[in-house]
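Notes for the structure review
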Amino acid sequence: MLVLMSVFKVLMPMVYLVVWGTYLWLFYTDHPTPRRFCTRFGIFTVLLHVACMVVKGLALGRLPMGSTLEFMCALALAMMATYLVIEIRIQAKNTGFLVTGMAFILVFVGASFSTSEPEVSPYLTDPGFAGHAILVLLAYTALSLSFLFALLYLILNRQLMRRQFGLLFRRLPSLEILERMSVGAVKMGVPLLFASLCLGHLWMYDLADRMDAEMAAMLSPWDPKIMISWVILLGYTTGLLGYRFLGWRGKRMNVMAVAGFLAMVAAMGLVQQFFPSFHNFRSTQPIETLSGFTDSAKDMLARVERDGI
Amino acid sequence: MIGPTSLHVWSINHKNAPTEVREKAHLDPDRATALMDALGGHVADKNHVPTVSETGCISVVPVSTCNRTEIYLEVVDGTDVDALLRKGLAEVGTDPDLFFSEHASVWTELDAVRHLYHVSSGLESMMLGEPQISAQLKDAYRLARRHHELGPGLLRAFQGAFRTGKRVRTETRISNGAVSVAFAAVELARKFFEKLCDHRAVLVGAGETGGLAARHFLQHNIGNLVVVNRSLENAENLAAILREEMKTGLGKKGLMNRGGLAAPMPDPDLKCGKISVQPWEQLTDALAEADVILSTTGATEPVILPEMVEAAVPRRKGKPLFLLDIAVPRDIHPDVAKISNVFTFGLDDLDGIIQGNIAARTGQVPHAQGIIEEELIEFQQWLDEIDIRPTVAEFKAYLEELKDKQVGFVRKKQSAEVAAAVDRSLQQFIKKVLGRSVSSLKNSQTRQERERDLETLKRIFAPDERE
């Protein structure tokens, strides 16, 4: 298993680099060859990364999102998968270089830098938490992509306003498609966020008796992070309803999408910094003392923490 | 059987001849057919195998478009092609001197094929990379094939030209991007809207320029086209013409004649291309309901004013409004551009897009030339083998016959499996012997040596000799 993981550690950044290169080639040249292969490469990369995560998850006996570097790799996978769903639905490939570029950087950093941080939450072995974490990751990734497409909309809008007919004008899809991609990402993000919040609520009470007394005492549906998440969900749902039923379109809608996302990030940062929350699952325990892990899993975990992916 | 042949092309085109010369040289389908008759490219045996006419001509393909008239000729080696063409042209009433003047270019053999490949790829076209020439070449090729059996050289050259043209258009971006004002307008509209079918365009003005722009939008599946004109009668006339063209498919032809790009006619199931008329007084209402405004009137003062657009914008629920002014003097007041979510473009902007696209197409020329050279290598290889192919086929037939006899003999004495194994083994043997023979023939030092080797092979293995 470790051999396989070592292979994945080298292979994944290379595969992501190939995908990024293909999308970049497409963006700069609009050549039919990358157009034909970029989506296939992307799907292959996602499948390979899923296989990598499964292997690692089985080896560690937990969700492989325990450290910052692991989380970066998982984020890259979520970005690629979400982007591909949107791309296949809307058939617009020329924005792929941005998403795949970010995914490559995340995987490269995640796989290249070894870590000494042994902080792994024991809750990662719990399927409820794992499901919640995956859904949250996918939901916020989708909302991030919505922000990206809205930003591209505003850039192209500005170029058209200024009559600049350069590379972005030639390569970016139409304003309408960018808007649809942005809205499409929100359409994915909203139900995922809703499901993650529901799962989080269910899991929270289920886990109370297994938590430290101090943390269990903090469990509350009024936790600032949860509250902010519900506000975000409400905001994006309102935007979707406005788009669907009130005909909210165009520059104003996309300015709202960009501003909404930035406000969301700022609010999350503030809550993280200044409000106490039970949403802190990092363990301060050394790996050897973690409960719920087999000896071999602890050994492997220590090696993985040391060597990266 | 046809012996050694040679290919020739005479070309009068937009690069080397003015319009009046091109007009004189033009060959309509009737004249082209008469020329084929006159040159003698009509002789074929009962099996449709081309044979040589008394004049030495094997086949001829005249190609005539608004920008070029070219005559492709395949003749038996040693034929006086100049005299042949002069005689043929004189018979059909075209001045032969045109094709032998400074306004004509002449290529022979592989250069003639190279020129044909360039033409079919759009590299020789007035609008670099335009796709119409491919269809025009196919029409000329079909006309010639209906008239007579093409010789092997021209047949192969034209088939290669179609393949090359297709490769160039799919593997490069030489045909990408608008290079005409009307098509640039459509391209610009497509930067706003994903599918034009879901949108409404208003054509302000019912003149010729407006009609052309409207045709382009209709061909690219605009959902609704509303014609608004000071004279309602003119608007209704234009709408009626456009409706008729949509019904009969003449819109495409109309665009071709005007040098526009041919696009597929709208699919009737898409429910696009609805054409209607509104009176001039309802122009402000039309602005509120439309997504694309095409203004092409001959007015001396702006007809679309800021207050009209400002009144329309709040009714649009944030949707962008795309205004295109292709009139001189301008129809749209410059202050309209200052209104939020309203995009105005003029002829200068469209020209900027066209120049950018032409530069991008020009950048693709080396790639296209690379593809042409690849295809020419294949043509040359085919040419190298053309004289040895019949003899090698006879040799192969002889070896196959021997093999069948041997296998039949084995089958009588041994099991079917053994016979099959012997069959496979001998098949491999034949393949190797043939491969070596063809390679030796192709690598002959001189033409005489090659002819001598071929003659020897023919003498030994030809059917009559075997009998």
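Remember, it's a predicted structure, so these values are computed and weren't measured experimentally.

1. A look at the overall build of chain B
A tally of regular secondary structure across chain B gives 18 helices and 10 strands. The C-alpha atoms of chain B give a radius of gyration of 31 Å, which is well past the 23 Å a tight globule of 467 residues would have. When the backbone C-alpha atoms are referred to their principal axes, chain B occupies close to 100 × 65 × 40 Å. Across the 467 residues of chain B, 41% fall into the buried class. Sequence separation of 24 or more characterises 74% of the internal contacts of chain B that already satisfy a separation of 6 or more.

2. Re the nonpolar core
In this structure, A:Ala76, B:Ala185, B:Leu203, B:Leu225, B:Val227, B:Leu294 and B:Leu323 are the most contacted members of the largest nonpolar core, which totals 136 residues. The element contributing the most residues to this core is helix 5 (residues 127-161) of chain A, with 19 residues. Discounting residues that sit within four places of it in the chain, B:Leu323 has contacts with B:Ile293, B:Ser295, B:Ile304, B:Ile332, B:Val336, B:Val342, B:Phe343 and B:Thr344. The next biggest cluster of nonpolar side chains, apart from the first, holds 49 residues, and it includes B:Ile12, B:Val119, B:Leu137 and B:Ala368.

3. So, the pairing of strand 6 (residues 224-229) of chain B
All names here are of chain B. With respect to burial, strand 6 is a largely interior element, 5 of its 6 residues being buried. Where strand 5 (residues 200-204) meets strand 6, 5 bridges bridge the pair, whose relative direction is parallel. By the bridge assignment for strand 6, Ala-201 is matched with Leu-225. Both strand 6 and strand 7 (residues 274-279) contribute to a ladder of 6 bridges, which runs parallel. For Val-228, the partnering residue across the bridge sits in strand 7 and is Gln-278.

4. Overview of the domain arrangement of chain A
All names here are of chain A. According to the domain assignment, chain A consists of domain 1 (1-121 + 283-309) and domain 2 (123-281). Contact with domain 1, which involves 25 residues of that partner, is made by 23 residues of domain 2. Of all the secondary-structure elements, those providing two or more residues to the side of domain 1 that touches domain 2 are helix 3 (68-90) and helix 4 (96-112). With 10 residues, helix 3 is the single largest residue contributor to the side of domain 1 that touches domain 2. A per-class count over the side of domain 1 that touches domain 2 returns 15 nonpolar, 7 polar and 3 charged.

5. Quick notes on the sheet that holds strand 8 (residues 292-295) of chain B
Residues and elements named next belong to chain B. Here 6 strands make up an open sheet; going across it, the order is 7-6-5-8-9-10 and the pairing parallel. The strands lining the two open edges of the sheet, one partner per strand, are strand 7 and strand 10 (342-346). Averaged over all adjacent pairs, the angle separating strand axes in this sheet is 20 degrees, with direction ignored.

6. Here we look at the sheet that holds strand 2 (residues 57-64) of chain B
Residues and elements named next belong to chain B. Across the sheet, which stays open at both edges, the 4 strands sit in the order 2-3-1-4 with antiparallel pairing between neighbours. Single-partner strands in this sheet number two, and they are strand 2 and strand 4 (105-108). Averaged over all neighbouring strand pairs, the angle between strand axes comes to 15 degrees, with direction disregarded. As defined by bridge partners, strand 2 adjoins strand 3 (residues 68-76) across 7 bridges and the pair is classed as antiparallel. Residue pairing for strand 3: Pro-62 is matched across the bridge by Ile-71.

Scoring rules and cut-offs
Residues numbered from 1 in each chain as written. Chains lettered and ligands numbered in written order. Predicted model: local features only at pLDDT ≥ 70, side-chain atom pairs only at ≥ 80, totals over all residues. Helix = DSSP H or I, 4+ residues; strand = E, 2+ residues; numbered from the N terminus. Rg over C-alpha atoms; globule rule 2.2 N^0.38 Å. Buried ≥ 20, exposed ≤ 12 C-beta atoms within 10 Å, placed from the backbone. Contact = placed C-beta atoms within 7 Å. Core = buried A, V, L, I, M, F, W, Y, C linked by C-beta atoms within 7 Å. Pairing = 2+ DSSP bridges. Domains from an automatic or database assignment. Nonpolar A, V, L, I, M, F, W, Y, C, P; charged D, E, K, R; others polar. Axes fitted to C-alpha atoms, helices over the stretch in contact; angles between N-to-C directions.

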